[in-house]
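Tertiary structure, described
The residues making up each chain are set out below.
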Amino acid sequence: MDTTRSSINKLPVHVHPLFPIAMNHIMYGSYVCNEVSCRFRLHKECAEAPVEINHHPCHPEHTLLLTNDSPTEDGTCDFCGQKLLSPYYTCPTCEFKVDFICGIKPSPWAIEHPVCHDHQLVFLKKGREEEVHCEVCKKSISGPSYSCPECNNVYFHLDCVHLSKEANHPCHSNHPLKIIAYESLRNDDHAEKDCRLCTTTRPEEMLCHCSICNFTLCLSCTKLPPPLVVDHSKTHTHTLRLISSKLAFTCKVCGIDGHRRRPYICLECDFVIHGHCIGFPHVININRHDHHGRGGRCGVCRRNVSQYYGAYSCSVCPNYTVHTRCATNYTTWNYEELEGTHEKIQDIAPFKVVEHNLIRHFSHSEHTLRLLKLASVWWNLIGPVYSCTECYFSLHEKCANLPMEKRLFFDPAPYTLRYDKTIIYCNLCEMLNYGFTYTSQGISMEYQYVDLHCASLSEPLVHNRHLHPLYFLETNDHYCDACKRTRADYMLDCDTCNFSLCFYCATLPEEIRHMSDEHPLTLYCGGKGNGKIWCDVCEVELDPSKWFFACFDCEVALHVQRALGDFSRLLPGKLNTIGERECQVVLNNLYTRPFCSHCRSRCKAPVIFKDNGKDN
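Computed from a predicted model, the values in this text were never measured in an experiment.

1. Structural notes on the environment of phenylalanine 548
- With respect to the secondary-structure elements, phenylalanine 548 resides in strand 41 (residues 548–551).
- Overall, the relative accessible area of 1% leaves phenylalanine 548 in the buried class.
- Between the C-alpha atoms of phenylalanine 548 and glutamine 561, which are 13 residues apart in sequence, the distance is 8.8 Å.
- Those residues within four positions of phenylalanine 548 in sequence are excluded, and the remaining contacts are Thr522, Leu523, Tyr524, Ile533, Leu542, Ala557, Leu558 and Val560.

As structure tokens, this is what we get:
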């Protein structure tokens, strides 16, 4: 069977480049997609599959081409009879199709001298209607199989047909391993029941066992054994060898104890490593830090980092260190090795310079913006600001210089700056937002939106309402100490004390102006109050343990929600579409406040919508 190899960068089954990973806990050698939002992974053999196959044993007259097109709903493989899935091989001349596995590793029609049985075995294209079981692993067979024409009801899985009842395994060459049922070892307290390589215990499966050495392997590790010897100079200068004996050790790369897993060791020096730690990159970028990663605490999990084991430290900030496992986690790292490359500089500017202090910004490309050093009176913007030379569009200088791409702590994929003229819901603080947002299309292909308030937070976050720095934390059971609500996914947490903040409370302004008082209202961080405090807007008693806004000189206090409302991050005067309704955000004043349906007095809503003349 002649084949033509394809470049990994042009593999037709995937649109993005794939790059190799030496070892990991899922596959011994594989390729992974370079796009961080994709997570596409292939075995090395599958990634290097031929694009063309000439002289396939079941279709030698024509060339078969690899395609990623979706097959018909009732399409089946012309070799094994199974349902056809993408990718698969197809003949451009006729309608012959075979699935991916049957294309690169077609099973022989017959096996003259199988190791698992005494008679010749023949290939059965489709599974039988009645349930049959494999003679080796005892599991049910639903697809193609091998059968003995001389024996009654003797069947084998395609990947079990090469296993004999007594097998010589490279990890245990002293004695052959016998395939036995787990039940035969259940009553033996001294027998090893978990797999010596992957450490899993599968009571429902058959095992490969040596009774002399009390050595056990699962069938999966028997069919696909790990390499006994690994040469990987980037991990270690000497050859690494797999040790199948039980050994208590601490991995030199990740610093995690591995008393159950079998390590690779260097026989020339004192170096021990997990198999899935071989091939870790030397230089990477992570979404928790802006520089290349090379004692102190881990910048991700906040636990201590030992100086005696592998870790990543920043080439610019010497005190920033991250555990190896934390740095290479799929939520942190983008799978890109940066050794030998320079720091990537984002060269996509948010604006073009027309002349001195005059720019054309991507959010307002129809007109030019001029830099004004003094405060702007339009919407009470505090300068310096960029103001449009032809209309009322204005931007803070800081907002005009926001990066077009930004890495956020919870996703290794970069987020892109976008100017939305419709209302966007922030996924972190759950607030409605208008204008600039950072957005990214995740693995689920759904867009994630983060407003500027949340995207501007970095760790450690020094908040003026707490004594200690705060760090990002992924959690499902923490409650916010400011609003007392339980939040899912992400919060800001204190390492020193039991204190947490949700993103909504972390982005609250420390001082606001409100019509309830002539003085600025200050964000009060709560405590045990001696007397009762009432909100001047809703006239409901305040919980003194929650954060609220207050002017204690005038004895004015407001709930946070009553002071800011739900629309404080929307630009007044703009028309916005919510569902099928077009609404306008208006300022809260004497003329726009809605009437109470009971007393007919005007309410004290902070900011409201106007919808076709009706208040909402």
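2. Topic: the pattern of salt bridges
- Here the structure, examined in full by the defined rule, presents 6 salt bridges.
- For glutamate 166, the salt bridge goes to lysine 178, with nearest N and O atoms at 3.7 Å. Highlighted residues: glutamate 166 in strand 15 (residues 166–169) and lysine 178 in strand 16 (residues 172–181), separated in sequence by 12 residues.
- For glutamate 166, a relative accessible area of 43% gives the class partly exposed.
- We classify lysine 178 as partly exposed; its relative accessible area is 44%.
- The partner of arginine 302 in a salt bridge is aspartate 495, with the nearest N and O atoms 2.7 Å apart. A residue pair is termed long-range when its members are at least 10 positions apart, and arginine 302 in the loop between strand 23 (296–297) and strand 24 (304–305) and aspartate 495 in the loop between strand 37 (489–494) and strand 38 (500–501) qualify at 193 residues.
- On the basis of relative accessible area, arginine 302 is assigned to the buried category, the value being 18%.
- What makes aspartate 495 partly exposed here is its relative accessible area of 29%.

Rules used throughout
- Residues numbered from 1 in each chain as written.
- Predicted model: local features only at pLDDT ≥ 70, side-chain atom pairs only at ≥ 80, totals over all residues.
- Heavy atoms only, no water.
- Helix = DSSP H or I, 4+ residues; strand = E, 2+ residues; numbered from the N terminus.
- Buried < 20%, exposed > 50% of the residue type's maximum accessible area, 1.4 Å probe, protein only.
- Contact = heavy atoms within 4.5 Å.
- Salt bridge = Lys/Arg side-chain N within 4 Å of Asp/Glu carboxyl O.

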